[in-house]
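Read off the chains here:
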Amino acid sequence: MSNYKKTIRPKKTFSLNDIKEIWQYKELLYFFTWRDLKVRYKQTAIGVMWAIFQPFTTMIVFSVFFGKLAKMPSDGIPYPIFVYTGLLIWQFFSSSLSEASNCLITNASIITKVYFPRLILPISATITKFVDFSIASVILIGLMAYYNYLPNLSGLLILPLLLLITFMTAVGAGLFLASINVKYRDIRYALPFFIQTLLFVTPVIYPASITGKYSWILALNPMTGVIKAARAAILGNAPINWTLLLISGLTGLTALIIGIIYFKKTERYFADIA
Amino acid sequence: MEPIIEVKNISKKYNIARHQGGYVAMRDILTNIAKKPFSFIKNKAKKLVGKAGKEEFWALKNISFSVEKGEAIGIIGANGAGKSTLLKVLSEITPPTTGEININGRLSSLLEVGTGFHPELSGRENIFLNGAILGMTKKEISDKFDDIVEFAGINKFIDTPVKRYSSGMYVRLAFSVAAHTEPDILLVDEVLAVGDANFQKKCLGKMDEVTKKNGRTILFVSHNMDAILKLCSRCILLKNGKITMFDESRKVVNTYLQNNPLSQESSSLEKRTDRKGLGNIKISSFFVENQEGKKVDYLITGKYYTFCIGYKSKNNYNPKNVSITLAISNENGSPLILASSKLTKQDFDIISSNGIIRCKINQKFPLTEGIYNIAIDLFSNGQREDFIKNFGVFEVKQGDFYDTGIYIKHSPFYLEQDWSLQTN
């Protein structure tokens, strides 16, 4: 019983206890993720195939219009593989960001009735999206087989690091936006537009090389480094740019820290205004 | 021994928003800045200096009490007294503004049945989800799964999405999950208000069993005095965010009913601030007379009564077309009876600055025993003059409506009735 001893005091800031608490609530984290996965494709005919269908169609449309018709350069890689690698990571990032930003509102009825560490909501949202990412990755393997493209096996080792950076950036920005979203619902409307714009300032459909001497601007966007490194690692078209990746990693980490601090600071009034 | 819950000087402040309802949109703030740039800057500056005229509301003020292990504590009080806020603070949903609470056990809060239930998921899936939200581990849920289904009585529909459940089944399943959590402390808010009477009884029985046999601690908010008396040994009476009494349940419930007398005099009514309306003419007293014309303290089912509302108008003000509406609702806020001189198209032209308007109920009083709320709304010329929503609480005691010695148990009304047989 003494395990459950606790003291409730007025103000809370982020501390190591929060991480301990998330660990305590890991089963709830699992159940939230499980719920989102279960519910998502209920009453659909093709079910989980939607996770593949969306990036796949986007890839075909992009390949036809940007690859074939607009003759977008792709660093010597077949354009479908080139764009699909970018799209995979981009969709993981953008859908995680938007789910995380809305998670407090979609779960408002739970937040106002039960206590649990609120941090697990955005984390669970991101994990759900990671499952989609994993399923959609199957297509990439198929594409590479089709184009007789052998993956750079040693390069694959860097993949977890890239996903970690994506995760940190998405959760960090998501936490920040989610906190604002509770108070100002404007976020819900601004976000889709913001994400769409972000797609064009990230080298998803074009190689970063076409921006020439202005490519440093793109470097501020952590997803640039991640997508570039992913292409370099999987497709082996260029050596990995470690400096760029370091910048991305630091930006992602900063986003995560700012996100958590802001989230914890505003957390106490979530239940009152959600 | 250390108390299981120790509350020290808890207060909770809310800042009341200037905007009514809904949420603040950034647009509103921006248009405000554009419209009145100077006053915006002034307000901001005031805020920074800390002199802004924010409207504060203390939902809880200096609450201290402690609870021993195995006790069942009732929490009662009028609407808005802070009961739900207290539970929310105790369950960590919202932090207190000041003070400290020591909790010495696993706590689970049941502020609503079926928190987190997802309509698309089946009963089986929702049991796991809801159980996890209420703090059970996966193993605990699996172990108790059969009991939960059994208690809810929904075996056949366990794999049907809960959106296809009847509301009764939904509530039964939800409560069943909650009843099978095994925290050391359970906080319960008015959840028994839902569900049919039989199931309510079953739930009360379950909660009683849980405290008595398993030594669990329960904090129970309810408007149902009967349930409080049955379940709780001690009771907290809250008024305007403060504890006015913490004693044996019977004593506290009696005090609560005495403090909310049926008859209200002008002295106490004048002090009330929870009024709405123009106020040219105001309710100045209220009482209920029985058939003999005597004021009563409570009503008895099946007797005849006259509701009397005293008014007072401003000097030399003679309002026309005055009408009154009385609304009686049960403790959960569901409206039950509406008596209004508008309905009967009887309004009055007032010529004296004070008097009494009477409403004679031309039938036996139909409500079954229990505690009820009354709201009074006073109009003149179609304009609201005085409205008091939580005007008062009154008790209806059991009475022999049919002179048969048979009483209704599970429905709110008695109906005058006469049966006959026609044969062909």
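Summary of the structure given here. (Residues numbered from 1 in each chain as written. Chains lettered and ligands numbered in written order. Predicted model: local features only at pLDDT ≥ 70, side-chain atom pairs only at ≥ 80, totals over all residues. Heavy atoms only, no water.)

Now for the overall build of chain A. Counting secondary structure elements, chain A contains 13 helices and 1 strand. Shown N-terminal to C-terminal, the secondary structure of chain A runs as helices and strands in the order β-α-α-α-α-α-α-α-α-α-α-α-α-α. Scaling as 2.2 N^0.38, a compact globule of 274 residues should have a C-alpha radius of gyration of about 19 Å, and chain A matches this with 20 Å. Projected onto its principal axes, the C-alpha coordinates of chain A cover approximately 60 × 45 × 35 Å. (Helix = DSSP H or I, 4+ residues; strand = E, 2+ residues; numbered from the N terminus. Rg over C-alpha atoms; globule rule 2.2 N^0.38 Å.)

Here we come to the packing of aromatic side chains. Residues and elements named next belong to chain A. Within the structure shown, the criterion is met by 26 aromatic pairs over all chains. With a centroid separation of 5.1 Å and 85° between ring planes, the pair formed by Trp50 and Phe53 is classed as edge-to-face. Here Trp50 pairs with Phe53, and both are found in helix 3 (residues 50–69), just 3 residues apart, close to one helical turn. Among the residues examined, Phe53 registers a relative accessible area of 42% and is labelled partly exposed. An angle of 85° between the planes, with centres 5.1 Å apart, marks the rings of Tyr146 and Tyr147 as edge-to-face. (Phe/Tyr/Trp six-rings, centres within 6.5 Å; stacked < 30°, edge-to-face > 60°. Buried < 20%, exposed > 50% of the residue type's maximum accessible area, 1.4 Å probe, protein only.)

With that settled, consider the pairing of strand 14 (residues 322–330) of chain B. Note on strand geometry: in a regular strand, side chains alternate between the two faces of the sheet. All names here are of chain B. Extensive coverage of strand 14 is indicated by the burial of 8 of its 9 residues. The pairing of strand 14 with strand 17 (residues 370–380) spans 9 bridges and is antiparallel. Bridge pairing in strand 17 places Ile328 opposite Ile374. Sheet topology places strand 14 next to strand 15 (residues 335–340); 5 bridges connect them, and they run antiparallel. Across the sheet, the residue bridging to Ala327 is Leu338, located in strand 15. (Pairing = 2+ DSSP bridges.)

Okay, the side chain of Asn126 of chain B next. All names here are of chain B. You can see Asn126 is positioned in helix 4 (residues 123–133). Take Asn126: its relative accessible area is 0%, and that puts it in the buried class. Other than its neighbours up to four places away in sequence, Asn126 contacts Gly116, Phe117, His118, Leu121, Gly131 and Val162. (Contact = heavy atoms within 4.5 Å.)

Okay, helix 9 (residues 249–259) of chain B next. Taken residue by residue, helix 9 of chain B has Ser249, Val252, Val253, Thr255, Tyr256 and Leu257 of chain B as its buried positions. Where helix 9 of chain B is buried, its residues contact strand 3 (72–76), helix 8 (225–231), strand 8 (234–239), strand 9 (242–248), strand 17 and strand 18 (383–397) of chain B.

Residue and element names in this part refer to chain B. Pairing is antiparallel in the open sheet, where 3 strands are placed in the order 11-13-16. With partners counted over all chains shown, the strands left at the sheet margins are strand 11 (281–290) and strand 16 (354–360), one partner each. This sheet shows a mean twist of 20° between the axes of neighbouring strands, independent of strand direction. As defined by bridge partners, strand 11 adjoins strand 13 (residues 305–313) across 9 bridges and the pair is classed as antiparallel. Directly across from Lys282, in strand 13, lies its bridge partner Lys312. (Axes fitted to C-alpha atoms, helices over the stretch in contact; angles between N-to-C directions.)

To continue, consider the environment of Ile77 of chain A. Residue and element names in this part refer to chain A. Mapped onto the elements of the fold, Ile77 is located in the loop between helix 3 and helix 4 (79–106). What makes Ile77 buried here is its relative accessible area of 3%. Through-space distance from the C-alpha of Ile77 to that of Leu175 is 36 Å; in sequence the pair is 98 residues apart. Excluding its chain neighbours within four sequence positions, the residues that come into contact with Ile77 are Phe82, Tyr149, Leu235 and Asn237.

The next point concerns the packing of helix 4 of chain A against helix 11 (residues 222–235) of chain A. All names here are of chain A. Where helix 4 contacts helix 11, the axes come no closer than 10 Å and their chain directions differ by 135°. Relative to helix 11, the element helix 4 lies oblique. In this structure, helix 4 meets helix 11 at a crossing whose hand is right-handed. When helix 4 is examined against helix 11, the residues Ile81, Phe82, Val83, Thr85, Gly86, Ile89, Trp90 and Phe93 are found in contact with a partner set consisting of Met223, Val226, Ile227, Ala230, Arg231, Ile234 and Leu235. Of the residues assigned to the contact of helix 4 with helix 11, the class counts are 12 nonpolar, 2 polar and 1 charged. (Parallel < 35°, antiparallel > 145°, perpendicular 65-115°, else oblique. Left-handed = near helix turned anticlockwise from the far one by under 90°. Nonpolar A, V, L, I, M, F, W, Y, C, P; charged D, E, K, R; others polar.)

Facing the 48 residues of chain B at the interface are 36 residues of chain A. Buried surface at the junction of chain B and chain A, both sides included, amounts to about 3800 Å², of which 61% is carbon and sulfur. In this structure, the connection of chain B to chain A is made through 2 salt bridges. The residue Lys38 of chain A makes a salt bridge to Glu125 of chain B at a minimum N-O spacing of 2.9 Å. For the interface between chain B and chain A, the tally reads 7 residue pairs in polar contact (both at pLDDT 80 or more). (Buried area = accessible area lost by both parts, 1.4 Å probe. Salt bridge = Lys/Arg side-chain N within 4 Å of Asp/Glu carboxyl O. Polar contact = N/O pair within 3.5 Å; in protein donor to acceptor, adjacent residues only side chain to side chain.)

On the surface, Phe56, Ile60, Val61, Val64, Phe65 and Leu69 of chain A cluster together to form a nonpolar patch covering roughly 530 Å² of accessible area. Of note, Leu69 of chain A is situated in helix 3. (Patch = residues over 30% accessible without salt bridge, like charges linked within 9 Å, V, L, I, M, F, W, Y side chains within 5 Å. Areas by Shrake-Rupley, 256 points an atom, 1.4 Å probe, with all protein chains shown as cover.)

Another aspect to go through is the environment of Leu187 of chain B. Residue and element names in this part refer to chain B. Looking at the secondary structure, you find Leu187 in strand 6 (residues 185–189). Its relative accessible area of 0% is what places Leu187 among the buried residues. In sequence terms Leu187 and Leu111 are 76 residues apart; their C-alpha atoms lie 7.3 Å from each other. Not counting residues within four places of it along the chain, the set of residues in contact with Leu187 comprises Leu87, Leu90, Ser91, Leu107, Ser108, Ser109, Leu110 and Leu219.

This paragraph deals with the sheet that holds strand 7 (residues 217–221) of chain B. All names here are of chain B. With mixed pairing, the 6 strands of this open sheet are ordered in space as 5-6-7-3-8-9. Either end of the sheet is taken by a strand with one partner, and the two such strands are strand 5 (107–110) and strand 9. Direction aside, the axes of adjacent strands within the sheet are offset by 15° on average. Relative to strand 7, strand 6 runs parallel, the two being bridged by 5 bridges. Within the sheet, the bridge partner assigned to Asp189 lies in strand 7 and is Val221.

With that out of the way, let us pick up the pattern of salt bridges. Should the charged atoms of two oppositely charged side chains come close, the side chains can pair. Residue and element names in this part refer to chain B. Scanning all chains against the criterion turns up 16 salt bridges over all chains. Note that Lys8 is salt-bridged to Glu100, the shortest N-O span being 3.8 Å. In this pair, Lys8 is assigned in strand 1 (residues 5–16) and Glu100 in strand 4 (residues 98–104), connecting sequence segments 92 residues apart. Across the pair Lys144 and Glu182 runs a salt bridge whose closest N-O atoms are separated by 3.7 Å. Within this pair, whereas Lys144 is found in helix 5 (residues 138–152), its partner Glu182 is found in the loop between helix 6 (167–179) and strand 6, the two being separated by 38 residues in sequence. Taking relative accessible area as the criterion, Lys144 reaches 13% and is therefore assigned buried.

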